[in-house]
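Inside the fold
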Amino acid sequence: MPEDLTSIKDKLRNYNPWWYDDKWYEKDQNLADFRGSVLKVKPRLFYHIIRNITGPRYGIVTIRGPRRAGKTTLLKLVIDHLIRERKVDPSSIFYISLDYQGLKEVELVKILEIIANSSDSEKYIFLDEVSMYGDWALALKNVYDMGLVERAKLKIIATGSHSMDLAEAVSKLRNRQGSLAGGFNLGGNLIHRTLRFSEVIEALKPEIDDELRTSGLRKTKTRFQILRSLSLGIIDKTLENIHSSYHLLLATAFEDYLVHGGYPKAVDMYYKDGAIDEGMYKDVARLLIDDSERAGLNPNVLSNVLLYLTDESRLSGLLDLKDLASRLGVSHKDVKARDFSLSAYLDYLESASAFFFAYREENECVGNVRPDVSPKNYVLDPFLYFSLYSYLRNLPNPFGRSVEMLSNEGFKGLLVESTVASHLLNAQFLFEHISDVRFKNVLMYSKTGEGETDFVLCVNKSNVNYRFLIECKYRNRPEVNRRGLGDAPTLIVLTKDKLGREDLRNDKGKTVNVVYVPVPEFLLLF
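For the structure given in this document, a descriptive report is provided here. Going along each chain's sequence as written, the residues are numbered from 1 onward. The model is predicted, so local features are restricted to residues of pLDDT at least 70 and side-chain atom pairs to those at 80 or more, both for listing and for counting; the totals for chains, interfaces and linings are taken over all residues. Side-chain metrics in this entry use all non-hydrogen atoms of the structure; hydrogen atoms and water are not considered.

Of all hydrophobic cores here, the largest spans 107 residues; its most connected members are Leu 457, Phe 522 and Phe 526. The contact rule is simple, with two residues in contact once any of their heavy atoms fall within 4.5 Å. In this structure, Leu 457 is in contact with Leu 227, Leu 424, Ala 427, Val 442, Tyr 466, Arg 467, Phe 468, Ile 470 and Phe 526, ignoring residues within four places of it in sequence. To qualify as a nonpolar core, a set must consist of buried Ala, Val, Leu, Ile, Met, Phe, Trp, Tyr and Cys residues joined through side-chain atoms within 4.5 Å. Buried, partly exposed and exposed residues are distinguished by accessible area as a fraction of the type maximum, computed with a 1.4 Å probe on protein chains only: under 20%, between the cut-offs, and over 50%, respectively. The next biggest cluster of nonpolar side chains, apart from the first, holds 32 residues, and it includes Ile 60, Ile 96, Ile 111 and Leu 140.

Here it is, written out as structure tokens:
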């Protein structure tokens, strides 16, 4: 029997309760969990979406981010806002979960075509977990090429869990995302990572959040100005005030962040129960590994790669790709030639916002991305690290294990470096509305003289490159290697509790401004 609007709505009925229940938001599990959470603060991406989704613009927007990071909750918050605040007709909002087996026999392009032809009014279509549906991008391309997006006034938001799939989709959808996408950052291909430290602080520490609001530190322009001042050897008064008033509170919250990371459910469990359920650790690890099969990878091989990457000695350190290749049973020549799919496994981990592999800066703000150059190995969320570490090694009580591991100051310093890296990666699209980001040229490391600088951060604003040299020294008495200072006029050193500045001479006798900033205060800028 051919599908029509009635049959499609019957299939989608349970996923779209606003069609028949005015109080649906009181019963929706995602929204109930959000209301009952200790967080209760909408993610920043929510505000970006609601600012740009209304108005006479139509097209396709994608959102990528790790599983369990809150993408479905984000969509439900947007839907709730559209219905109750913007007074959008509930019957014009369609939520479609593409991992729903009830839609298995129905082609996505047919569903979208039926919805498009259902009325002359605007229609909001939320496609959740598109990575679970093969050729979803081709279906959207077909709908666009048929002229339905503009003619039928479609506003489509599609979420996925890894950007390998979404990157391919963006290629298929090139010049086919419509005027709606043009109003969004990153050309309408948004990134939803786990909660940043500043977002957790804004939700859980109202006194600090009030200070951030009154000081203007919630504004990206102010935050970039403070970052720019640091690169000139100047500590802004706003940063000094926050440090003097709230450092102890921030320091404690950051130590907690190293345990629970930015997964909303983990944060909630930690603050409600004082611990995180073992099932949450397993869930996060298992989803990352199992989802790799949909990307054409072997989950068993990925597990072996992850065992190597999560070794404590390799966290935030230089990766020996030759050694990794040999452990997987391939030659280093294969890695150099990119013939072996090792690169596909590393690309998958980056696309899933799980890891980032930073390369050495070759020229100013250009990373030297070559298979014979060792990248640095960063895990992009502390909770993800402990989830993978415990799951892959069959360790019981992962929460207790994480607390035990963090009692080692050396290991803690490495995890802090990875956590800083995850925040710095946001800098380009946080501080500048742009169509695309090449992350390998945003975050790098450098070798100067006999030393190495942990981070070279490059942010392009108004076609001007701003370059920041940052060293991570999460300890009570940070010491700077003078021989590794290089020729940069200023080095930002991230510390445990020290705020201040001093002039040091490099090995050539040139004066370098060294600015010390505690990690928690610094991360409030991102």
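How two aromatic rings sit relative to each other is set out by the distance from centre to centre and by the angle between their planes. Geometry of aromatic contacts follows a simple scheme: Phe, Tyr and Trp rings, the Trp one being its six-membered ring, pair when their centres are within 6.5 Å, and the pair is stacked under 30 degrees between planes, edge-to-face over 60, tilted otherwise. Taken as a whole and judged by the stated rule, the model has 25 aromatic pairs. Through a chain of ring-to-ring contacts, the aromatic side chains of Phe 224, Phe 431, Tyr 466, Phe 468, Phe 522 and Phe 526 assemble into a single cluster. Positioned above the aromatic ring of Tyr 95 is the side chain of Lys 76, whose terminal nitrogen or guanidinium carbon lies 5.1 Å from the ring centre. We call a charge positioned above a ring when the Lys NZ or Arg CZ atom is no farther than 6 Å from the ring centre and deviates by at most 35 degrees from the ring normal.

For the rest of this paragraph, the subject is the sheet that holds strand E4 (residues 154–160). The strand order across the open sheet formed by five strands is E2-E3-E4-E1-E5, and the pairing between neighbours is parallel. The sheet is open, and its two borders are formed by strand E2 (93–97) and strand E5 (189–191), each paired with just one other strand. Taking the axes of each pair of neighbouring strands and ignoring which way they run, one obtains an average angle of 15 degrees across the sheet. Relative to E4, strand E3 (residues 123–128) runs parallel, the two being bridged by five bridges. Across the sheet, Ile 125 pairs through a bridge with Ile 156, a residue of E4. Helix-sheet contacts for helix H4 (residues 44–53) involve strand E1 (59–64), E3, E4 and E5, and the interaxial angle to E5 is about 160 degrees. Being paired, for any two strands, means DSSP has found at least two bridges between them. Secondary structure elements follow DSSP: runs of H or I of four or more residues count as helices, runs of E of two or more count as strands, with numbering from the N terminus. Note on geometry: axes are lines fitted to C-alpha atoms, helical ones only across the stretch in contact, with angles between N-to-C directions running from 0 to 180 degrees.

Let us look at the pairing of strand E6 (residues 355–358). The side-chain alternation of E6 yields two buried faces, one formed by Phe 355 and Phe 357 and the other by Phe 356 and Ala 358. Alignment of E6 against strand E9 (residues 376–379), held across four bridges, turns out to be antiparallel. Of the residues in E9, the one forming a bridge with Phe 357 is Asn 377.

Honestly, that's just the spatial picture; any functional story needs more than this.
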